[in-house]
Amino acid sequence: MTMTAEIVTFRLIEGSDTTAFRRAAADMEPLLRDAGGMIRRTLSVDADGLWTDHILWSSMDTAQAAAQQIMANPAAAPFMQMIDEPTAQMRHAMVQIQQE
């Protein structure tokens, strides 16, 4: 199986508390781990306020199944509610090279 990168970019709803958002993002770890197949996650924000959630999954199937499972889970609400939904873009890409 080929590892899959899930790349989600978004902005927060204006006025969101970034500390609360980081806490809500960290609280997503059990949901991500329970979905199965998560290898690593990195969350970053650039100087213009564009956030990138980059998750490495064991396969495309696990990435897609996890996305559906997590979006339907009420425990994800604190994280999801701070994201400005119209700005969110998700894509999946097959990993070609991984370097540490």
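Scroll up a little and you will see the structure.
Conventions adopted
- Residues numbered from 1 in each chain as written.
- Predicted model: local features only at pLDDT ≥ 70, side-chain atom pairs only at ≥ 80, totals over all residues.
- Heavy atoms only, no water.
- Salt bridge = Lys/Arg side-chain N within 4 Å of Asp/Glu carboxyl O.
- Helix = DSSP H or I, 4+ residues; strand = E, 2+ residues; numbered from the N terminus.
- Buried < 20%, exposed > 50% of the residue type's maximum accessible area, 1.4 Å probe, protein only.
- Phe/Tyr/Trp six-rings, centres within 6.5 Å; stacked < 30°, edge-to-face > 60°.
- Polar contact = N/O pair within 3.5 Å; in protein donor to acceptor, adjacent residues only side chain to side chain.
- Contact = heavy atoms within 4.5 Å.

1. Some details on the pattern of salt bridges
Then step 1. Under the counting rule described, the total for this entry stands at two salt bridges.
Then step 2. Among the salt bridges present, the one from Glu29 reaches Arg33, with a minimum N-O distance of 3.3 Å. Here Glu29 pairs with Arg33, and both are found in helix α2 (residues 29-35), just four residues apart, close to one helical turn.
Then step 3. Of the residues examined, Glu29 reaches a relative accessible area of 40% and is grouped as partly exposed.
Then step 4. Judged by its relative accessible area of 43%, Arg33 is partly exposed.
Then step 5. For Asp53, the salt bridge identified is with Arg41, shortest N-O distance 2.9 Å. You can see Asp53 sitting in strand β3 (residues 51-57) and its partner Arg41 sitting in strand β2 (residues 38-45), a full twelve residues away along the chain.
Then step 6. Judged by its relative accessible area of 6%, Asp53 falls in the buried class.
Then step 7. What makes Arg41 partly exposed here is its relative accessible area of 23%.

2. Notes on the packing of aromatic side chains
Then step 1. Enumeration according to the criterion identifies five aromatic pairs in this entry.
Then step 2. Taking 6.5 Å as the distance between ring centres and 85 degrees as the angle between the ring planes, the aromatic pair formed by Phe10 and Phe79 counts as edge-to-face. Of this pair, Phe10 sits in strand β1 (residues 4-10) while Phe79 is found in helix α4 (residues 77-80), placing the two residues 69 residues apart along the sequence.
Then step 3. What makes Phe10 buried here is its relative accessible area of 1%.
Then step 4. Judged by relative accessible area, Phe79 falls into the buried class, the value being 6%.
Then step 5. Note on Phe21 and Trp51: the rings are 4.9 Å apart at their centroids and 70 degrees apart in plane angle, and the pair reads as edge-to-face.

3. What to know about the side chain of Thr4
Then step 1. Here Thr4 is to be found in strand β1.
Then step 2. Within the structure, the side chain of Thr4 is placed 2.9 Å from the backbone nitrogen of Met60, a separation counted as a polar contact.
Then step 3. Apart from residues no more than four positions distant in its own chain, Thr4 is found in contact with Ile55, Leu56, Trp57, Ser59, Met60, Ala63, His92, Ala93, Met94 and Val95.

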